[in-house]
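# Topology and contacts: notes
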There are 2 protein chains.
Amino acid sequence: VNIGIDIGGTAIKGGLVDEKGAIIYTKEIPTQSKEGYGVVLSNIYSLIESLMEIAKTYERKPGFIGLGIPGLADKKSDYVIFCTNLGWNNVPLGIDLKKKFGLPVIIENDATIAGFAESICGLTKNYENSVFLTLGTGIGAGLVINNKIFSGSHGVGSEVGHMIIGENFYNCSCGKNGCFETFASATALIKYVENQINGGRQTILSGVPNIGAKEIFEAAKQGDELAKETISRFIKYLSIGIVNIINIMDPEIIAIGGGMSKGLADILSDIHDEVARLAHYKTLPYGKIVISELGNEAGIIGAAMLS
Amino acid sequence: VNIGIDIGGTAIKGGLVDEKGAIIYTKEIPTQSKEGYGVVLSNIYSLIESLMEIAKTYERKPGFIGLGIPGLADKKSDYVIFCTNLGWNNVPLGIDLKKKFGLPVIIENDATIAGFAESICGLTKNYENSVFLTLGTGIGAGLVINNKIFSGSHGVGSEVGHMIIGENFYNCSCGKNGCFETFASATALIKYVENQINGGRQTILSGVPNIGAKEIFEAAKQGDELAKETISRFIKYLSIGIVNIINIMDPEIIAIGGGMSKGLADILSDIHDEVARLAHYKTLPYGKIVISELGNEAGIIGAAMLS
């Protein structure tokens, strides 16, 4: 049995996972990221301690702690280099945990872990090469090549959200213009609608207090012209990003997950059509495109299976 | 000793290569691609037969025939699926050669082979993960992951030239708009200059009968405003393409080869600066960017080492 921890901006989820990837027990606590690294760390300590207690009742001792973070860790130094949402910059998370529990620790990016979990118990299982795209506030990715997590040679790969695919009316939070996530994330949809409303466009979304991707999809269903145009634009650029990935990596399968993914079922066939239209080799096969069916526990499972 | 054959639009180069990748003997013949597959095939037969004869004088028998083509081959069926320059569509090149010579045959894309050769005896040697970019009429690439050629799961990967990176004033030969090669190949430079001349721009290039990348680089050195702008635009988009590759694959090293590469020495530091400006993680290392030093024989060596 191993411990998997999924650290998010609002909650930390932890669980005991067996060697085959089955969840035995899970627990969730608030992150309290505003209190700083020290408080979050002691929250993680408590969570792991309670998981250790539960493991005892099963007469098992966890062999490993895996953690997913919304940021970047250095596997050699066991430091978390960046974790923008949590306000972390070069914090010794891996070192602290190893010292505290005397167990091996691996820290990975959460999108990478989600892709890995998908390849263990989701739709990309049994595929050697897969790409997992998380569409939410931004766009993240988890690449699996030859059945292994691939994050590149310096750990800075799989940042597909920051692949430049065009010119956009607003800059990405990273400072560049034209990043994939400024065209095909939930933020991208919201920014486009706001921009059009500010430009004087009529839409039923004008009266909506907190416009989110969900509201835009619903307005499109109700026939709102701006919402429909926004979804068409989203399909166009999501397909460009997918085709770029196919043209470089040519995976067997691309799974789409993340907060926005459940809303994509209705437009998946449009995405298929647009990808087919843009595909370089029209008569040759390329990877399947599917919507992830894994739930909230994927991050825990993936983290626990990192060892 | 093995046989490596490099099939180009105008010439077919062949050679005997030892197990370590050293060239023993080379020979070159015209392709005669306009005469059709049958004639080109019998030209390849003659070339291989003469290489076999030479091998005899060394008292060695070739163990394998590797071929590079400017197109796409299916390794399972031994058919060449596309080879636009040669006018080939589904030709049984591998089957014909196996029948004729009774030796194992592997056919690969020439950019893939160039990247492989670079990883055997060029600047990407001793790197596990590398990307080789060929800049010429178009843009091709050869990816090496974990010391092995990586062409994806269906063989349609490494087509980085057709990654969409923006909107352009002309469509790519593939039919899409915004492909990397419409911004950063020799063709891209020529098209941009022609477009500007047609729009009434003054330039010393107006009087030049056959404008090529070389003439544009020279005009820029002489201070021609349009040529300088064209080179700046080239640096911008080449860097975007490189950063997109870094953001996805994060290779240890990127080597630039192909017909245009020799002209890049003067602007390599500008490319470095622009890539650094666009890099997602400003404080973390990413792959080196170098200009290939391999000569014309790289295609023969890479092909012969495919076994």
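Conventions adopted
Sequence order sets the numbering: in each chain, residues are counted from 1 along the sequence as written. The order in which chains are written sets their letters, starting at A; the order in which ligands are written sets their numbers, starting at 1. pLDDT decides what is reported in this predicted model: residues at 70 or higher carry local features, side-chain atom pairs at 80 or more are listed and counted, and totals for whole chains, interfaces and linings draw on all residues regardless. The side-chain quantities take in all heavy atoms of the structure and omit both hydrogens and water. The axes used here are C-alpha line fits, helices contributing only the stretch in contact, and every angle between their N-to-C directions lies in the interval 0 to 180 degrees. A helix here means a DSSP run of H or I that spans at least four residues, while a strand means a run of E at least two residues long, and both kinds are numbered starting from the N terminus. Here roughly perpendicular refers to angles of 65 to 115 degrees, roughly parallel to angles under 35, roughly antiparallel to angles over 145, and oblique to all remaining angles. We call a crossing left-handed when the near helix sits turned anticlockwise from the far one by less than a right angle, and right-handed when that turn is clockwise. For this analysis, residues touch if any pair of their heavy atoms sits within 4.5 Å. Under this grouping Gly is polar, as are all residues other than the nonpolar Ala, Val, Leu, Ile, Met, Phe, Trp, Tyr, Cys and Pro and the charged Asp, Glu, Lys and Arg. The quantity reported as buried area is the accessible area (1.4 Å probe) lost by two parts once they are put together, taken as the sum for both. A side-chain nitrogen of Lys or Arg and a carboxyl oxygen of Asp or Glu constitute a salt bridge if their distance falls within 4 Å. For this analysis, a polar contact is any N or O atom pair within 3.5 Å, provided that within protein one partner can donate a hydrogen and the other can accept it, and provided that sequence-adjacent residues contribute only side-chain to side-chain pairs. To pair, rings of Phe, Tyr and Trp, with the six-membered ring standing in for Trp, must have centres within 6.5 Å; the planes then decide the type, stacked if under 30 degrees apart, edge-to-face if over 60, and tilted in the middle. Here's how the labels work: a residue is buried when its accessible area is under 20% of the maximum for its type, exposed when over 50%, partly exposed in between, all with a 1.4 Å probe on protein chains only. Lysine and arginine charges are scored as sitting over a ring when NZ or CZ, respectively, is within 6 Å of the ring centre and within 35 degrees of the ring normal. We place the copies in one frame by least squares, fitting the C-alpha atoms of every residue whose pLDDT is at least 70 in both. We treat two strands as partners when DSSP finds at least two bridges between them. Here the expected length of a helix is defined as 1.5 Å per residue gap, with one fewer gap than residues. Buried Ala, Val, Leu, Ile, Met, Phe, Trp, Tyr and Cys residues form a nonpolar core when they are joined through side-chain atoms within 4.5 Å. Only protein atoms enter the 1 Å grid used here, on which a cavity is any set of points holding a 1.4 Å probe that cannot leave and a pocket is any open set flanked by protein within 12 Å on both sides along at least five of seven lines; residues with an atom within 4 Å of a point are listed as lining. Grid points are joined across faces, edges and corners, and a volume is the space filled by probe spheres set on the points. When the strands point away from the viewer and the connection leading from the first strand across the helix to the second strand turns clockwise, the crossover is called right-handed.

## Details of the packing of helix α1 (residues 37-57) of chain A against helix α2 (residues 93-101) of chain A
Residues and elements named next belong to chain A. At a minimum axis distance of 11 Å, the contact between α1 and α2 shows a crossing angle of 40 degrees. Between α1 and α2, the angle falls in the class oblique. When you trace α1 past α2, the crossing you get is right-handed. Only Leu93, Asp96, Leu97, Lys100 and Phe101 of α2 make contact with α1, whose side of the interface consists of Tyr37, Leu41, Ile44, Tyr45, Ile48, Glu49 and Met52. Taken together, the residues of the contact of α1 with α2 sort by class into nine nonpolar, no polar and three charged.

## Considering the interface of chain B and chain A
Contacts between the two partners involve 44 residues from chain B, matched on the other side by 44 residues from chain A. When chain B packs against chain A, close to 3,800 Å² is buried across both sides, 62% of that on carbon and sulfur atoms. At the surface where chain B touches chain A, the tally comes to zero salt bridges. The interface formed by chain B and chain A includes 24 residue pairs in polar contact (both at pLDDT 80 or more).

## Comments concerning the packing of aromatic side chains
Counted under the stated rule, the structure contains 14 aromatic pairs over all chains. Judged by centre distance (5.2 Å) and plane angle (55 degrees), the ring pair of phenylalanine 169 of chain A and tyrosine 170 of chain A falls under tilted. Under the relative-accessibility criterion, phenylalanine 169 of chain A is labelled partly exposed at 37%. Seen from their ring centres, phenylalanine 183 of chain B and tyrosine 237 of chain B are 4.0 Å apart, and the 20 degrees between their planes marks the pair as stacked. Residue phenylalanine 183 of chain B is located in helix α4 (residues 181-184), and its partner tyrosine 237 of chain B is located in helix α7 (residues 225-249); the two are separated by 54 residues in the primary sequence. In terms of burial, phenylalanine 183 of chain B and tyrosine 237 of chain B fall into one category: buried. An aromatic cluster is present here, built from Phe169, Tyr170 and Tyr192 of chain A joined pairwise through their rings. Above the face of the tyrosine 45 of chain A ring, lysine 100 of chain A is positioned so that its terminal group lies 4.9 Å from the ring centre.

## A word on the relation of the copies chain B and chain A
Note on the copies: chain B fits chain A at an RMSD of 0.0 Å, the axial shift is 0.0 Å, and the rotation between them is 180 degrees. In the structure described here, the two chain copies are related by an operation that fits a two-fold rotation axis. A symmetric contact is evident, with 100% of the interface residues of chain B recurring at the interface of chain A.

## A few points about the sheet that holds strand β7 (residues 88-91) of chain A
Residue and element names in this part refer to chain A. With respect to topology, three strands assemble into an open sheet ordered β5-β6-β7, the strand pairing being antiparallel. For this open sheet the edge positions go to β5 (72-74) and β7, each flanked by a neighbour on one side alone. Geometrically, the sheet is characterised by an average inter-axis angle of 15 degrees between neighbouring strands, direction not taken into account.

## Notes on helix α3 (residues 110-121) of chain B
Residues and elements named next belong to chain B. Taking 1.5 Å of rise per residue, 12 residues should cover 16 Å, and α3 covers 16 Å from first to last C-alpha, within 8% of that figure. With 10 of 12 residues buried, α3 is to be regarded as a mostly interior element. For α3, the capping residue at the N-terminal end is asparagine 109, with a side-chain oxygen 2.9 Å from the backbone nitrogen of alanine 111.

## Here we look at the environment of glutamate 167 of chain A
Take glutamate 167 of chain A: it is sitting in the loop between β11 (148-150) and α4 (181-184). Judged by relative accessible area, glutamate 167 of chain A falls into the exposed class, the value being 56%. Separated by 11 residues in sequence, glutamate 167 of chain A and glycine 178 of chain A place their C-alpha atoms 4.5 Å apart. For glutamate 167 of chain A, the residues in contact, after removing those within four places along its chain, are Asn177 and Phe183 of chain A together with Tyr237 of chain B.

## Details of the nonpolar core
Core analysis: the biggest nonpolar cluster contains 113 residues, and Phe234, Leu238 and Ile242 of chain A together with Phe234, Leu238 and Ile242 of chain B have the highest contact counts within it. Look past the residues within four positions of phenylalanine 234 of chain A in its chain and what remains in contact with it is Leu135, Phe183, Ala184, Leu189, Phe217, Met260, Leu264 and Ile267 of chain A.

## Considerations on empty space enclosed by the protein
If you walk through the whole model with that rule in mind, you get two cavities of 30 Å³ or more. Approximately 70 Å³ is the volume found for the largest cavity. Lining the largest cavity, in full, are Val243, Ile246, Asn247, Ala279, His280, Tyr281, Leu284, Pro285 and Tyr286 of chain A together with Val156 of chain B. Estimates place the volume of the second largest cavity at around 60 Å³. A per-class count over the lining of the second largest cavity returns seven nonpolar, two polar and no charged.

## So, the packing of helix α6 (residues 213-221) of chain A against helix α7 (residues 225-249) of chain A
Residue and element names in this part refer to chain A. Two elements in contact, α6 and α7, have axes separated by 7 Å at closest approach and are oriented at 115 degrees. As for how α6 packs across α7, the hand of that crossing is left-handed. Together, Ile216, Phe217, Ala219 and Ala220 of α6 and Ala227, Lys228, Thr230, Ile231 and Phe234 of α7 make up the contact between the two elements. Its residues assigned to classes, the contact of α6 with α7 comprises seven nonpolar, one polar and one charged.

## Focus on the pairing of strand β12 (residues 253-257) of chain A
Residues and elements named next belong to chain A. Among the five residues of β12, five are classified as buried, and the element is accordingly described as predominantly covered. Of the two faces of β12, the one carrying Ile253, Ala255 and Gly257 and the one carrying Ile254 and Ile256 are both buried. Here strand β9 (residues 130-135) pairs with β12 via five bridges, running parallel. Counted as the bridge partner of phenylalanine 132 is alanine 255 from β12. With four bridges joining them, β12 and strand β13 (residues 288-291) adopt parallel strand pairing. Across the sheet, residue isoleucine 256 finds its bridge partner in β13, namely isoleucine 291. The β-α-β motif built from β12, the intervening helix α8 (residues 268-278) and the parallel element β13 has right-handed crossover chirality.

## A few points about the pairing of strand β4 (residues 65-69) of chain B
Residues and elements named next belong to chain B. Most of β4 is tucked away, with five of its five residues classed as buried. The alternating pattern of β4 places Ile65, Leu67 and Ile69 on one face and Gly66 and Gly68 on the opposite face, and all of these are buried. As defined by bridge partners, β4 adjoins strand β8 (residues 105-109) across five bridges and the pair is classed as parallel. What sits directly across from isoleucine 69, in β8, is asparagine 109.

## Things to note about the sheet that holds strand β5 (residues 72-74) of chain B
All names here are of chain B. Read across the open sheet, the three strands follow the order β5-β6-β7; overall the sheet is antiparallel. The strands lining the two open edges of the sheet, one partner per strand, are β5 and β7 (88-91). Here the strands of the sheet are splayed against their neighbours by 15 degrees on average, with no regard to which way each runs. Both strand β6 (residues 79-83) and β7 contribute to a ladder of three bridges, which runs antiparallel. Each residue of the ladder has a partner; that of valine 80, found in β7, is valine 91.

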